[in-house]
Amino acid sequence: MPDLKRTPFYDFHLKAGARMVAYAGWEMPLLYRGIIDEHLHTRAAASIFDVSHMGRLKFTGKTAEPFLQRMCTRNLAKGTVGQSMYSLVCRDDGGILDDVIVSRFDNHWYMVCNAANREKLLAWFATHKDVPTIEDETTKTAMVAIQGPKAVPLLDEVLPEPVSDLKRYHFEVMRYMLMIQFTVFRSGYTGEDGAEIICGTTAANLAMNYLLKSEGEHAILKPAGLGARDTLRMEAGMPLYGHELTEEVDPLSAGLEWAVDLQKEFVGVAALRRIAQAGLQRRATGLLIDGPRSARQGMAILQGDKHVGVITSGAMSPTLKRPIAIGYVPVDLAAPETPLRIAGATGILEAATAALPFYKRPGKVR
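Note that this is a predicted model, so its numbers are computed, not measured. (Residues numbered from 1 in each chain as written. Predicted model: local features only at pLDDT ≥ 70, side-chain atom pairs only at ≥ 80, totals over all residues. Heavy atoms only, no water.)

Sorry if this is basic, but what is going on with helix H2 (residues 35–44) here?
In an α-helix, one turn spans 3.6 residues, which is why side chains three or four residues apart end up on the same side. Here H2 has its buried residues at Glu38, His39, His41, Thr42 and Arg43. Contacts from the buried residues of H2 go to strand E2 (26–31), strand E3 (46–50), strand E9 (141–147), strand E13 (221–223) and helix H7 (226–235). (Buried < 20%, exposed > 50% of the residue type's maximum accessible area, 1.4 Å probe, protein only. Helix = DSSP H or I, 4+ residues; strand = E, 2+ residues; numbered from the N terminus. Contact = heavy atoms within 4.5 Å.)

Structural data, given as structure tokens:
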């Protein structure tokens, strides 16, 4: 795989038997034991995902907050130190350049973005006025996600401060043995509880080995790859850039109006106000498919024989044990249990719309 970047955990992946694939310019683990096994283990216990390929940008200086307020759809001024906020960065016409997590520290801001969009965002930011100091820390740091119902209790045992004390979408800077500094975010992309941890590359493998010190068939924490990460996020109704989110899609049609503050000024707000005022024409919706065959991105959604929408993601759900999909349809067809059809590769698939998410974890997180 020439010219692909590797995360600090590359040797670990090979030792663990991962099947490596090219993804967004990186060589990443698709799976270790199998997608279904890794998916179900995450739902039942806890999995660790290498997400070091994701972009990590640090913003400092007096203009950092006003700049990010102009770039992001969310009102970041409402966030407190120690809080992370999901947001989007849009073009002038409201098209989505990326979905991001922005965190507020004491004296700087931190943005985690999608791997494929990091360079695009940096170029976009450079075209605007009053750009703060932006340090790209992607290759200087490592990032893992520990997800599952047993993730937080496990982390409470091994970390110097309890993760259970953190509210959802809040973070804490911790130190291990007075030497290793890392940041723990109570967040994730699987529909489960858990945390994402960022640390320097020199401490990355020490941290991985420490977290996975209890190995074997019956270990609580096991590694999982991109394949399970995708099916998990799909069940949880979480959008993926390049699928549900693109530059041709606006956040309102994507069902992300909760992450858009139309009362503040930001790049793309005028276009989004016009869309909101005129009313949405299409909407992202879930689809439950009859039979054993799955839908795939790009397949046409039909009402009768009429083309009415397009599939953006599809897979067999290991939890529901049936095919699920996400796609865009006209607003008047997005209500749950609306019968639709999908033009599959080998014939028509019968389906019905369903509210997102398909899966909700038992219990609540503060």
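Can you walk me through the packing of H2 against H7 in this structure?
Across the interface, H2 lies against H7 with an axial gap of 8 Å and an inter-helix angle of 55 degrees. Between H2 and H7, the crossing angle belongs to the class labelled oblique. The handedness of the crossing between H2 and H7 is right-handed. The segment H2 lies against H7, with Ile35, Glu38, His39, Thr42 and Arg43 engaging Gly227, Ala228, Thr231, Leu232 and Glu235. In the contact of H2 with H7, the residues fall into three nonpolar, four polar and three charged. (Axes fitted to C-alpha atoms, helices over the stretch in contact; angles between N-to-C directions. Parallel < 35°, antiparallel > 145°, perpendicular 65-115°, else oblique. Left-handed = near helix turned anticlockwise from the far one by under 90°. Nonpolar A, V, L, I, M, F, W, Y, C, P; charged D, E, K, R; others polar.)

Honestly, the side chain of Arg186 in this entry has me stumped. Any pointers?
Within the secondary structure layout, Arg186 lies in the loop between strand E11 (180–185) and strand E12 (194–200). Among the polar contacts listed, one links the side chain of Arg186 to the backbone oxygen of Ser164, at a separation of 3.4 Å. (Polar contact = N/O pair within 3.5 Å; in protein donor to acceptor, adjacent residues only side chain to side chain.)

Please explain the pattern of salt bridges as it appears in this structure.
Where charged atoms from two side chains of opposite charge come close, those side chains can pair. Tallied over the full model, the rule gives 20 salt bridges. Notably, a salt bridge pairs Arg91 with Glu247, separated by 3.1 Å at the nearest N-O pair. Residue Arg91 is found in the loop between strand E5 (84–90) and strand E6 (96–104), and its partner Glu247 is found in the loop between H7 and helix H8 (269–278); the two are separated by 156 residues along the sequence. Classification of Glu247 by relative accessible area gives partly exposed; the value is 24%. Notably, a salt bridge pairs Arg273 with Glu265, separated by 2.9 Å at the nearest N-O pair. Here Glu265 falls in the exposed class, since its relative accessible area comes to 53%. Put simply, Arg91, Asp93, Lys120, Glu247 and Glu248 are held in one network by salt bridges that share partners. (Salt bridge = Lys/Arg side-chain N within 4 Å of Asp/Glu carboxyl O.)

Purely geometric stuff here, so don't read any function into it on its own.
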